[in-house]
Amino acid sequence: MKTLGLDYLDLYLIHWPVTGKFKYSWRAMEHLYQQGKVRAIGVSNFNPHHIETLLEDAKIRPAINQFELHPLLSQVPLRAYCAEQNIQVEGYSPLGTGKVLTNSSVNEIAKMHDKTAAQVILRWTVQHGIITIPRSINPEHVVSNANIFDFELSAYEMEQIDTLNEDKRNNSDPEDF
Ligand SMILES: NC(=O)c1ccc[n+]([C@@H]2O[C@H](COP(=O)([O-])OP(=O)(O)OC[C@H]3O[C@@H](n4cnc5c(N)ncnc54)[C@H](OP(=O)(O)O)[C@@H]3O)[C@@H](O)[C@H]2O)c1
C-alpha cells in the first residue's frame, strides 16, 4: 500500500489454493479486513472443495472467486457453485489469452453487431453477470474493450457462444498447481 500510495485496498485475493497454506493466508487476510486495510477479500483459482475447506473455519466468506473463464472454458459447474455460495465470479484470461479472438462463430456475431470479436466475448461475459478483466498493452484495445455497453447479444447468440466450451485451459489447473 505504501508503494501504491494508498491507505486501503478495495479488494485483495489469494492467488492460488496452495494445499496446507491457504487457511493461514485467509486468517491473515481476515485480520487485514477487520483492521479496515482491505475493503473486500476473496480467492482465485479455487475449486468448490478448496472453498469448502476454507469455509470450515472462516469468519468472513470470500467476496469473489477469480478463475480462468472464456468461451472455450465456460466453467458452468464452478459458476453455479459460486452462485449458490453467493460468491461473485471474476473471469480471468477472458479472451483466452487472445486465442478465442479468431473463433469463426464469435467473428460472425461480431460482424452482425459491427463490433470486434473481443467486444463480443467481453459482452457475453458481462451478460452472464461475470466480472471480466481483459489485459492489453495497446491503448486502442483498452478503449474498445470497455466499449461494450451499447449493444446486447440475443438469447440465441448467447447460446451459440455457450456451445463453444471445450474445457480448454491456457493456465495451470488448480488441482495440479
Ligand atoms: N488469477 C490468476 O491466476 C490469473 C492468471 C492469468 C491471468 N490473470 C489476469 O487476467 C488478466 C487477463 O488475462 P490474460 O492476459 O491471460 O489474457 P486475455 O486478457 O484473455 O488476453 C490478453 C491478450 O489479448 C490481446 N488483446 C486484448 N484486447 C484485444 C483486442 N481488443 N484486440 C485484439 N487483441 C486483444 C492482448 O494483446 P494486446 O496487448 O496487443 O492488446 C493480449 O495478447 C491479466 O491482467 C491477469 O492479471 C489472472
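Higher on the page you've got the structure.
The rules behind these values
All residue numbers here refer to positions counted from 1 along the written sequence of the relevant chain. Local features in a predicted model are, by the rule used here, given only for residues with pLDDT of at least 70; side-chain atom pairs are given and counted only at 80 or more, and totals for whole chains, interfaces and linings are based on all residues. Derived side-chain values reflect all non-hydrogen atoms in the structure, with water molecules and hydrogen atoms excluded from consideration. Whether a residue is buried, partly exposed or exposed follows from its accessible area with a 1.4 Å probe, protein chains only, as a fraction of its type maximum: under 20%, in between, or over 50%, in that order. In DSSP terms, a helix is any run of H or I states spanning at least four residues, a strand is any run of E spanning at least two, and both are numbered starting from the N terminus. DSSP-based pairing: two strands are paired if at least 2 bridges between them are found. Handedness of a crossover is defined as follows: orient the strands so they point away from the viewer, and if the path from the first strand over the helix to the second runs clockwise, the crossover is right-handed. Ring pairs shown here join Phe, Tyr and Trp side chains whose ring centres sit within 6.5 Å, with only the six-membered ring taken for Trp; geometry is labelled stacked below 30 degrees between planes, edge-to-face above 60, and tilted in between. The rule for a charge over a ring is simple: NZ of Lys or CZ of Arg within 6 Å of the ring centre, and within 35 degrees of the ring normal.

**Q** Would you mind going over the pairing of strand 3 (residues 64-68) in detail, with residue names and values included?
**A** Of all five residues that make up strand 3, five are buried, and the element is covered over most of its length. Pairing between strand 2 (residues 41-44) and strand 3: two bridges, direction parallel. Within strand 3, the residue paired with Ser44 across the bridge is Gln66. Crossover handedness for the path strand 2 to helix 2 (residues 48-56) to strand 3: right-handed. Handedness of the crossover joining strand 3 and strand 4 (residues 88-92) through helix 3 (residues 76-84) is recorded here as right-handed.

**Q** If you had to explain the packing of aromatic side chains to someone new, which residues and values would you point to?
**A** Throughout the structure, instances matching the rule amount to one aromatic pair. With centroids separated by 5.0 Å and ring planes inclined at 65 degrees, the aromatic side chains of Phe22 and Phe46 adopt a geometry described as edge-to-face. Within this pair, whereas Phe22 is found in helix 1 (residues 22-34), its partner Phe46 is found in the loop between strand 2 and helix 2, the two being separated by 24 residues in sequence. Using a relative accessible area of 7% as the deciding quantity, one classes Phe22 as buried. Seen from the ring of Tyr8, Arg39 lies directly overhead, with NZ or CZ sitting 3.7 Å from the centre.

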